[in-house]
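Chain by chain, the residues:
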Amino acid sequence: MPRIVVDVMPKPEILDPQGKAIVGALPRLGFTAFAGVRQGKRFELTVEGEVTEEVLEQARNAAATMLSNPVIEDVVNVEVLEDSQA
């Protein structure tokens, strides 16, 4: 079955305590190449049948109204996950 992927990230002006904790822990674990981390959310919406433009628009609407909090988060990606990426 096809899937639509929705990625949501905190707005740039919003503090990200989880990202801050991760970036602090990375060097202690030997990962020294990273200067910053922002943690977001990924949703995979499974679709019964074909992903039409109408279905994709429904996914965009769900992302904007239910899957994200528009006050503090941005929807940064809504795309169809190809079968080879499943």
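Quantities reported herein were computed from a predicted structural model and do not represent experimental measurements.

K.L.:
Explain the environment of Ala21 here, please?
P.N.:
Mapped onto the secondary structure, Ala21 falls in helix α1 (residues 17–25). Look at Ala21 and you get partly exposed, because its relative accessible area is 46%. It is 35 Å that separates the C-alpha atoms of Ala21 and Leu56, two residues lying 35 residues apart in sequence.

K.L.:
I tried to follow a nonpolar patch on the surface on my own but got confused; where do I start?
P.N.:
Judged by side-chain polarity, Leu29, Phe31 and Phe34 come together as a nonpolar surface patch covering roughly 350 Å² of accessible area. Looking at the element boundaries, Leu29 is found in the loop between α1 and β2 (41–46). Given the relative accessible area of 61%, Leu29 is considered exposed.

K.L.:
What is the right way to look at the sheet that holds strand β1 (residues 3–10) in this model?
P.N.:
One key point about sheets: their strands pair by backbone hydrogen bonds, in either a parallel or an antiparallel sense. Sheet architecture is open: 3 strands sit in the order β2-β1-β3, paired in antiparallel fashion. In the strand order of this sheet, the two ends are held by β2 and β3 (73–81), each with one partner. Mean inter-strand twist for the sheet, computed between neighbouring axes without regard to direction, equals 20 degrees. Bridge count between β1 and β2: 6 bridges; the pairing is antiparallel. For Ile4, the partnering residue across the bridge sits in β2 and is Leu45. In this fold helix α2 (residues 53–67) packs onto β1, β2 and β3, with an angle of close to 155 degrees to the strand it touches most, β3.

K.L.:
Would you take a moment to explain the pattern of salt bridges for this structure?
P.N.:
Oppositely charged side chains may form a pair once their charged atoms are brought near each other. With the rule as written, the count across this model stands at 6 salt bridges. Put simply, Lys11 and Asp74 hold a salt bridge, and the shortest N to O gap is 3.2 Å. One end of the pair, Lys11, is in the loop between β1 and α1; the other, Asp74, is in strand β3, and 63 residues separate them in sequence. Using a relative accessible area of 28% as the deciding quantity, one classes Asp74 as partly exposed. Note that Arg60 is salt-bridged to Glu53, the shortest N-O span being 3.1 Å. Among the residues examined, Arg60 registers a relative accessible area of 31% and is labelled partly exposed. Salt bridges here are not isolated pairs; linked through shared partners, they connect Arg3, Arg42 and Glu44.

K.L.:
Can you help me understand α2 in this one?
P.N.:
One turn of the α-helix equals 3.6 residues, which is why residues spaced by three or four share an orientation. All buried positions along α2 are accounted for by Leu56, Ala59, Ala63 and Leu67. Contact partners of the buried residues in α2: β1, β2 and β3.

What counts and what doesn't
- Residues numbered from 1 in each chain as written.
- Predicted model: local features only at pLDDT ≥ 70, side-chain atom pairs only at ≥ 80, totals over all residues.
- Heavy atoms only, no water.
- Helix = DSSP H or I, 4+ residues; strand = E, 2+ residues; numbered from the N terminus.
- Buried < 20%, exposed > 50% of the residue type's maximum accessible area, 1.4 Å probe, protein only.
- Patch = residues over 30% accessible without salt bridge, like charges linked within 9 Å, V, L, I, M, F, W, Y side chains within 5 Å.
- Areas by Shrake-Rupley, 256 points an atom, 1.4 Å probe, with all protein chains shown as cover.
- Salt bridge = Lys/Arg side-chain N within 4 Å of Asp/Glu carboxyl O.
- Pairing = 2+ DSSP bridges.
- Axes fitted to C-alpha atoms, helices over the stretch in contact; angles between N-to-C directions.
- Contact = heavy atoms within 4.5 Å.

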